[in-house]
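# Architecture and fold: a report
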Amino acid sequence: MKQAITYELIHECKQTGARRGIIHTPHGDIQTPVFMPVGTQATVKSLSPEELKDVNAQIILANTYHLFLRPGHKLVEKAGGLHKFMNWDRPILTDSGGFQVFSLGQLRKISEEGVEFQSHLDGSKKFLSPEKAIEVENSLGADIIMAFDECCEYPSTYEYTKKSMERTTRWAQRCKKAHKNVENQGLFGIIQGGFYEDLRKKSAEDLIKLDFPGYAIGGISVGEPKEKFLEILDYTTPLMPKNKPRYLMGVGTPDYLIEAVIAGIDMCDCVLPTRVARHGTALTSKGKIVVRNATYEEDFSALDDECDCYACKNYTRAYIHHLIKANEILGIRLLSLHNIKFLTNLMDKVRIEIENDNLGCFKNDFYHKYGYID
RNA sequence: GGGUAGGUGGUCGAGUGGUUAAUGGCACCAGACUGUAAAUCUGGCCGCGAGAGCGUACGAUGGUUCGAAUCCAUCCCUGCCCA
């Protein structure tokens, strides 16, 4: 049977082992490694699809939980699917709601059957199971859909993490069984196991037996220190199949992205660029700047003199500072645009450096300039 | 000129004898943000001090009181009404 999602490995960086590849999807190819902006409610907050294309977004995320609650997956299906509904003709990935099991901690109850949520919108009770999540994801029609998992908080005990991981594996099995649209949508499994090496290993092994077209690492960047993050990344990534896309969920600071790619990751997503944008911060080649702060009041330079985005080509820090202070939407939009472009530009460079077998040197230069102490 | 309501920290505005350096909102100054309950949240916001604390402060001056932003007197200023 034709697979919706396939991965083509083009090159491995001789310096770092990072992978340069292509993910083939029903809505076109994705050059990897790739950064994926998040558009939870079928929109990357404040930006239009045209603008997302301008900042080289190759693929975006949407969320099962949110769209299930509103406007409802049946409505999106009636609209002709997510692509048509939101006017985005490039690939889409839908998260399963597994992250909401974590982020809505106080509003849900987990059982073997699934998760009962108290809707954050109106308090009403909603239920998501592996089968229901897949039903919703099938209706939404994204190219890549994620298995319904539990993202554990940090720290969690070994016992709890083990139980949760094993349940996530059983759920993955149920997801696979429930998935009806295999030719158009690729279902990815999510490796859990928290911060325990043997659990990660077990999770990966069991999920690989289920033969998903791609695999993700979940349950990372939930508040752990960076050393922990690197540790898990380093022992989990090699467990993932080489001939399939490897997705690290929820990672978006420049250093984490680079570390992930070096570890062998192909895809990352994060709300960070758009969220910090709305809060008045720009990511730049010389580190992040809080443009909301008074120091930028009379700074008539661009956000980042190395950036070619619309905001940097046309506006000054002083102007964007003013817009943010004045609560004007344009400030948020310009920063969102810039921050996404900053990360997609970073990944563009990363792909080139992999091809040139030079990612290690690039990392050092980048860190030095950005102000990371490595 | 007569009457009336008022003058509180950057601002609007609570407080009407003590636990009040003085509630709130806004403004301002920072910090956080990683599969989005987030254009959100947290902290600071009279001066000096690391801190304990000290010093100033509720239009002005004087007074009553153990104690006043709060009571009294006079003065200054502002809004509104009448002439």
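Scroll up to find the structure this text is about.
This report concerns the structure included in the present document. Just so we're clear, the structure is a prediction, and the values are computed from it rather than from any experiment. (Residues numbered from 1 in each chain as written. Chains lettered and ligands numbered in written order. Predicted model: local features only at pLDDT ≥ 70, side-chain atom pairs only at ≥ 80, totals over all residues. Heavy atoms only, no water.)

### A word on the overall build of chain A
- In terms of helices and strands, chain A carries 15 helices and 16 strands.
- Since a compact globule built from 374 residues should have a radius of gyration of about 21 Å, the 20 Å found for chain A is in line with a globular shape.
- C-alpha extents for chain A along the principal axes are approximately 60 × 50 × 40 Å.
- Residues classed as buried in chain A amount to 57% of the 374 residues present.
- In chain A, the proportion of contacts linking residues at least 24 apart, taken out of those at least 6 apart, comes to 67%.
- A total of about 15,500 Å² of accessible surface is found on chain A, and carbon and sulfur atoms cover 51% of it. (Helix = DSSP H or I, 4+ residues; strand = E, 2+ residues; numbered from the N terminus. Rg over C-alpha atoms; globule rule 2.2 N^0.38 Å. Buried < 20%, exposed > 50% of the residue type's maximum accessible area, 1.4 Å probe, protein only. Contact = heavy atoms within 4.5 Å. Areas by Shrake-Rupley, 256 points an atom, 1.4 Å probe, with all protein chains shown as cover.)

### So, the protein's contact with RNA strand B
- If you check the shell around RNA strand B, you find 42 residues, and the closest are Ser-103, Cys-151, Gly-250, Arg-278 and Lys-325.
- The sugar-phosphate share of atoms of RNA strand B within 4 Å of the protein amounts to 50%.
- Note that a phosphate oxygen of RNA strand B is positioned 2.7 Å from one of the side-chain N or O atoms of Asn-293.
- Of all elements in the fold, only β5 (60-63), α5 (98-103), β14 (267-270) and α11 (272-278) reach the threshold of two or more residues within the surface near RNA strand B.
- Ranked by residues supplied to the surface near RNA strand B, first place goes to α11 with 5 residues.
- For the surface near RNA strand B, a count of residues per class yields 16 nonpolar, 17 polar and 9 charged. (Near = heavy atom within 4 Å. Polar contact = N/O pair within 3.5 Å; in protein donor to acceptor, adjacent residues only side chain to side chain. Nonpolar A, V, L, I, M, F, W, Y, C, P; charged D, E, K, R; others polar.)

### Considering the nonpolar core
- Judged by nonpolar contacts, the single largest core of 79 residues is most densely connected at Leu-82 and Leu-248.
- Looking at which element gives the most residues to this core, the answer is helix α14 (residues 329-355), with 8 residues.
- Not counting chain neighbours up to four residues away, the residues in contact with Leu-82 comprise Ala-42, Ala-62, Leu-67, Val-76, Asn-87, Ile-92, Thr-94 and Leu-140.
- Core analysis: the second largest hydrophobic core is formed by 19 residues, Tyr-7, Ile-23, Leu-93 and Met-267 among them. (Core = buried A, V, L, I, M, F, W, Y, C linked by side-chain atoms within 4.5 Å.)

### A short note on unusual backbone geometry
- Of note, the amide linkage connecting Thr-32 to Pro-33 takes the cis form, showing an omega dihedral of 5°.
- Within the secondary structure, Pro-33 sits in the loop between β3 (28-32) and β4 (34-37).
- Cis geometry marks the peptide bond from Arg-70 to Pro-71; its omega dihedral reads 10°.
- Looking at the secondary structure, you find Pro-71 in the loop between α2 (64-69) and α3 (73-78).
- Positive phi is not limited to glycine here, since Asn-56 has a value of about 60°.
- Within the fold, Asn-56 resides in the loop between α1 (49-54) and β5.
- In this structure, Asn-87 is a non-glycine residue whose phi angle is positive, near 60°.
- Inspection of the secondary structure puts Asn-87 in the loop between α4 (82-86) and β6 (92-95).

### Observations concerning the packing of helix α13 (residues 317-325) against α14
- Across the interface, α13 lies against α14 with an axial gap of 7 Å and an inter-helix angle of 130°. Considered as vectors, α13 and α14 are oriented oblique to each other. Crossing of α13 against α14: the hand is left-handed. Here Tyr-319, Ile-320, Leu-323 and Ile-324 of α13 lie close against α14, whose contacting residues are Leu-330, Gly-331, Ile-332, Leu-334 and Leu-335.
- Of the residues assigned to the contact of α13 with α14, the class counts are 8 nonpolar, 1 polar and no charged. (Axes fitted to C-alpha atoms, helices over the stretch in contact; angles between N-to-C directions. Parallel < 35°, antiparallel > 145°, perpendicular 65-115°, else oblique. Left-handed = near helix turned anticlockwise from the far one by under 90°.)

### Overview of the sheet that holds β3
- Spatially, the 3 strands line up as an open sheet ordered β1-β2-β3, and their pairing is antiparallel. Each edge of the open sheet carries a strand with a single partner, namely β1 (6-12) and β3. Taking each pair of neighbouring strands and ignoring which way they run, the sheet shows an average axis angle of 20°.
- With 5 bridges connecting them, strand β2 (residues 19-25) and β3 associate as antiparallel partners. Bridge pairing in β3 links His-24 to Asp-29.
- Seen against the sheet, α14 touches β1, β2 and β3 and runs at an angle of roughly 120° to β2. (Pairing = 2+ DSSP bridges.)

### Re the layout of surface pockets
- The space that makes up the largest pocket amounts to roughly 900 Å³.
- For the largest pocket, the lining is made up of 40 residues, of which Val-38, Phe-99, Asp-269, Val-271 and Arg-275 are closest to its centre.
- The set of elements that each furnish at least two residues to the lining of the largest pocket consists of β5, α5, β14 and α11. (1 Å grid on protein atoms, 1.4 Å probe; cavity = no way out; pocket = protein on both sides within 12 Å on 5 of 7 lines; lining within 4 Å. Points joined across faces, edges and corners; volume = space filled by probe spheres on them.)

### Brief notes about the pairing of β6
- The two faces of β6 match: Ile-92 and Thr-94 on one face and Leu-93 and Asp-95 on the other face are all buried.
- Two strands pair when backbone bridges link them, and β5 and β6 are joined in this way by 4 bridges, in the parallel orientation. By the bridge assignment for β6, Asn-63 is matched with Asp-95.
- Bridge count between β6 and strand β10 (residues 144-146): 2 bridges; the pairing is parallel. Paired with Leu-93 across the strands is Ile-144, a residue of β10.

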